[in-house]
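Listed below, chain by chain, are the residues.
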Amino acid sequence: MNKNSSNIMALVPKTSNKRETVCIFGTGDFGRALGHKLIQSGYPVVFGSRSPWPSSLIPKDAEVLNHAEAAQKAAIIIIAIQRQHYDFLASLEETLRGKVLVDISNNLKINQYPESNAKYLAQLVPSARVVKAFNTVSAWALQSGTLDASRQVFVCGDDTEAKQMVMDIIRALGLTPLDQGSLLAAREIENYPLQLFPMWKIPIFLSLGLTAFFFFYCLVRDVIYPYVYENKDYSFFLAISIPNRICPIIALVLLALVYLPGILAAIIQLYRGTKYSRFPDWLDKWMLCRKQLGLVALAFASLHVIYTLVIPIRYYVRWRIEDRTISQALNNKTTPFDNTNGWLSDSYLALGILGFLLFVLLGITSLPSVSNNVNWREFRFVQSKLGYLTLILCTAHTLVYGGKRFLSPSAYRWYLPNAYMLSLIIPCIVLVVKFVLILPCLDKQLTRIRQGWERNPQYSEQSNYVINKSAV
Ligand code: NAP
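Criteria and cut-off values
- Residues numbered from 1 in each chain as written.
- Predicted model: local features only at pLDDT ≥ 70, side-chain atom pairs only at ≥ 80, totals over all residues.
- Heavy atoms only, no water.
- UniProt positions renumbered as here; feature names shortened; annotations may be inferred.
- Core = buried A, V, L, I, M, F, W, Y, C linked by side-chain atoms within 4.5 Å.
- Buried < 20%, exposed > 50% of the residue type's maximum accessible area, 1.4 Å probe, protein only.
- Helix = DSSP H or I, 4+ residues; strand = E, 2+ residues; numbered from the N terminus.
- Contact = heavy atoms within 4.5 Å.
- Near = heavy atom within 4 Å.
- Polar contact = N/O pair within 3.5 Å; in protein donor to acceptor, adjacent residues only side chain to side chain.
- Nonpolar A, V, L, I, M, F, W, Y, C, P; charged D, E, K, R; others polar.
- Pairing = 2+ DSSP bridges.
- Axes fitted to C-alpha atoms, helices over the stretch in contact; angles between N-to-C directions.
- Expected span 1.5 Å × (residues − 1).
- Bend = angle between axes of the 7 residues up to and from the residue.
- 1 Å grid on protein atoms, 1.4 Å probe; cavity = no way out; pocket = protein on both sides within 12 Å on 5 of 7 lines; lining within 4 Å.
- Points joined across faces, edges and corners; volume = space filled by probe spheres on them.
- Phe/Tyr/Trp six-rings, centres within 6.5 Å; stacked < 30°, edge-to-face > 60°.
- Lys NZ or Arg CZ within 6 Å of the ring centre and 35° of its normal.

Looking at an unreviewed UniProt entry, the chain carries the name STEAP4 metalloreductase, with the source organism given as Gallus gallus. In UniProt, the chain has this text filed under Sequence similarities (unreviewed entry): "Belongs to the STEAP family." Turning to the chain, the UniProt record has this under Subcellular location (unreviewed entry): "Endosome membrane".

Listed below in structure tokens is the structure:
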């Protein structure tokens, strides 16, 4: 085999511990925190400042010079200055020629300026090589070392060598660089710190909406109806009974909504006969937040478990048991044991326990620390096969809970069925359609489509040739 010397070089780690000097413009919060971290990692640091004299705030091993002098000492200059003060950099154009300028700036609003801050910097100093990085790391996290949640540093830039130099520094600081491509990506990267839990918005609003709907539904059925027709005050149901009715309903509906987009995607792919065409935007967004939907569902299921565990110590429950026992004793009457009810009760509890166990397993495997340790097939197996099994168990738990009550006229108040009956609609639809989709004639065709086969290649030519993520 012909060994290429450059290949061999790439496998050999650099043995020299000498680090290149890094220049930081600006001695504000971020500049000082980054300077401190760089010095700890063995980099000589020189600050470029409007006040070029030492201060107790500046790391003592760093040099402080004016901007032009500092820039001459390093190939990489980190601009730790707000964008609105960049203008003076244009006057340093000659000094900054060929240097790597790292733009770390953020904005106060999403898409605040027509162009990204990094692009603006590149326009101000066209002779320099601009790289965007570090903007998602906070000065506080850098200084305190609490970087667990923000170890990833998004990097982008048009000059590959410059980007590589910055990524080397990021790695040396114990952080993980994520190459996002050219400087065009800077706009998106600058918006990241301004987004508030973007993937959680749909699941949170959806669960809040469902909670409000089912709360009023149960209020009307379980509190207002008995008050109007029987003059009974069940308002204390608001504390435990109604929440314990709502939590499993939301958990089941959200769990079904985790699997519904996959089913819709499969139907679209079967209809179009290709996977090479875009899904509608709403479906793309829905698919992207399935993990969050599942975790919110798990939170509601856990609340249901806790509420259920406190049932025996509730005053109302103890009173009902004592009251019934005493009235049976007074009337010298006993209720014979009903074997069917015994089966129904134990089966619904067993299904609930098993469903919750698998639900927890799904939640655990969605944690990055766990999912990083399983391969794609194992992850798919847990999230898809075990996920559907969880949905089957939880739906069966609700169906068996309903038992004989489904057809009883007393289950309807003001023509409103019990809330748990409504919760079964989406899960049952999902399970029935899934069952149809796994019929061999459809499953075979879907598998072929997901392997790249096209029924009508012209269809995808008209589309954008964007490959959809095949639904789990
Ligand atoms: P800061 O504390 O206000 O410091 C900015 C520094 O810029 C000042 O200390 C000053 O340094 C220099 N400066 C101010 N006005 C200037 C002017 N007219 N001309 C030249 N230099 C001027 O801000 P910061 O929090 O360090 O943030 C700096 C940059 O990092 C911003 O773009 C910010 O978006 C970004 N960032 C900050 C954080 C964070 O957690 N703070 C996180 C990510 C990104 P001298 O007095 O030494 O000249």
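The structure having been displayed, the exposition proceeds.
**Q** Outline the nonpolar core, listing residues and values.
**A** With 53 residues, the main nonpolar core has L254, Y259, L391 and V430 as its most contacted residues. If you tally residues by element for this core, the top one is helix α9 (residues 241–272), at 20 residues. Non-local contacts of Y259, meaning those with residues more than four positions away in its chain, are made with L362, Q383, S384, G387, Y388, L391 and V430. Formed by 33 residues, the second largest nonpolar core is a distinct cluster that contains I58, A80, A139 and I169.

**Q** Pulling in residues and values, what's your account of the site of the ligand?
**A** If you check the shell around the ligand, you find 19 residues, and the closest are T27, F30, S49, N106 and A139. Between the ligand and the protein, one listed contact pairs an oxygen atom with a backbone N or O atom of D29 at 3.1 Å. In this structure, an oxygen atom belonging to the ligand sits 2.6 Å away from a side-chain N or O atom of S49. Among the residues forming the shell around the ligand, the class breakdown is 7 nonpolar, 10 polar and 2 charged.

**Q** Residue-level account of the UniProt feature "transmembrane region" (unreviewed entry) in the chain, with values.
**A** Summarizing the sequence annotation, UniProt attributes the feature "transmembrane region" (unreviewed entry) to residues 204–229, 249–272, 293–317, 347–365, 386–407 and 419–442 in the numbering used throughout. Spanning residues 204–229, this segment combines 100% helix with 0% strand, and its end C-alpha atoms are found 36 Å apart. Structurally, residues 419–442 comprises 88% helix and 0% strand, and the distance from its first C-alpha atom to its last is 34 Å.

**Q** Account for the side chain of S277, naming residues and giving values.
**A** When you line up the elements, S277 lands in the loop between α9 and α10 (281–288). Separated by 2.8 Å, the side chains of S277 and R272 make a polar contact.

**Q** Break down the sheet that holds strand β6 (residues 129–132) for me, citing the residues and quoting the values.
**A** Pairing within the open sheet is mixed, and its 8 strands lie in the order β3-β2-β1-β4-β5-β6-β7-β8. The outermost strands of the open sheet, each flanked by one partner alone, are β3 (63–65) and β8 (176–179). Adjacent strand axes in the sheet meet at a mean angle of 30 degrees, parallel and antiparallel pairs treated alike. Sheet topology note: the strand β7 (residues 152–157)/β8 ladder contains 4 bridges and is parallel. Along β8, the bridge assignment pairs V153 with P177.

**Q** Kindly report on unusual backbone geometry, identifying the contributing residues and their values.
**A** Phi is positive for F134, close to 65 degrees, though the residue is something other than glycine. With respect to the secondary-structure elements, F134 resides in the loop between β6 and α5 (139–144). One non-glycine residue, Y415, lies in positive phi territory at about 65 degrees. A residue is classified by how much of its surface remains accessible, and Y415, at 81% relative accessible area, is exposed.

**Q** I'd like a description of the environment of Y113, backed by residues and values.
**A** Residue position: Y113 is located in the loop between β5 (100–103) and α4 (117–124). Here Y113 falls in the partly exposed class, since its relative accessible area comes to 24%. Separated by 316 residues in sequence, Y113 and I429 place their C-alpha atoms 47 Å apart. Once you skip the residues sitting within four places of it in the chain, Y113 turns out to touch R83, Q84, N107 and R187.

**Q** If you had to explain helix α15 (residues 376–402) to someone new, which residues and values would you point to?
**A** The terminal C-alpha atoms of α15, which comprises 27 residues, lie 38 Å apart, in line with the 39 Å expected from a rise of 1.5 Å per residue. Most pronounced at G387, the bend in α15 amounts to some 30 degrees. The N-cap of α15, judged by a side-chain oxygen 3.0 Å from the amide nitrogen of R377 a few residues on, is N375. Just downstream of α15, G403 is the residue with a positive phi angle, here 45 degrees.

**Q** Requested: an account of empty space enclosed by the protein, with residues and values cited.
**A** Scanning all chains against the criterion turns up 1 cavity of 30 Å³ or more. Classifying every residue of the lining of the largest cavity gives 1 nonpolar, 5 polar and 3 charged.

**Q** Would you mind going over the packing of aromatic side chains in detail, with residue names and values included?
**A** The geometry of an aromatic ring pair is captured by the separation of the ring centres together with the interplanar angle, meaning the angle of the planes. Overall, the coordinates contain 19 aromatic pairs when judged by the stated rule. Plain terms: the ring middles of Y234 and F236 are 6.3 Å apart, the flat faces sit at 70 degrees to each other, and that makes the pair edge-to-face. Its relative accessible area of 37% is what places F236 among the partly exposed residues. Cluster of aromatic residues (ring-pair linked, three or more members): Y234, F236, F237 and Y316. Sitting over the ring of Y120, R83 keeps its end group 4.2 Å from the ring centre.

**Q** Can you tell me about the side chain of K163, naming the residues and giving the values?
**A** Looking at the secondary structure, you find K163 in helix α6 (residues 160–172). Ignoring sequence-local partners within four residues, the contact set of K163 consists of V131, V155, C156, G157, D179 and G181.

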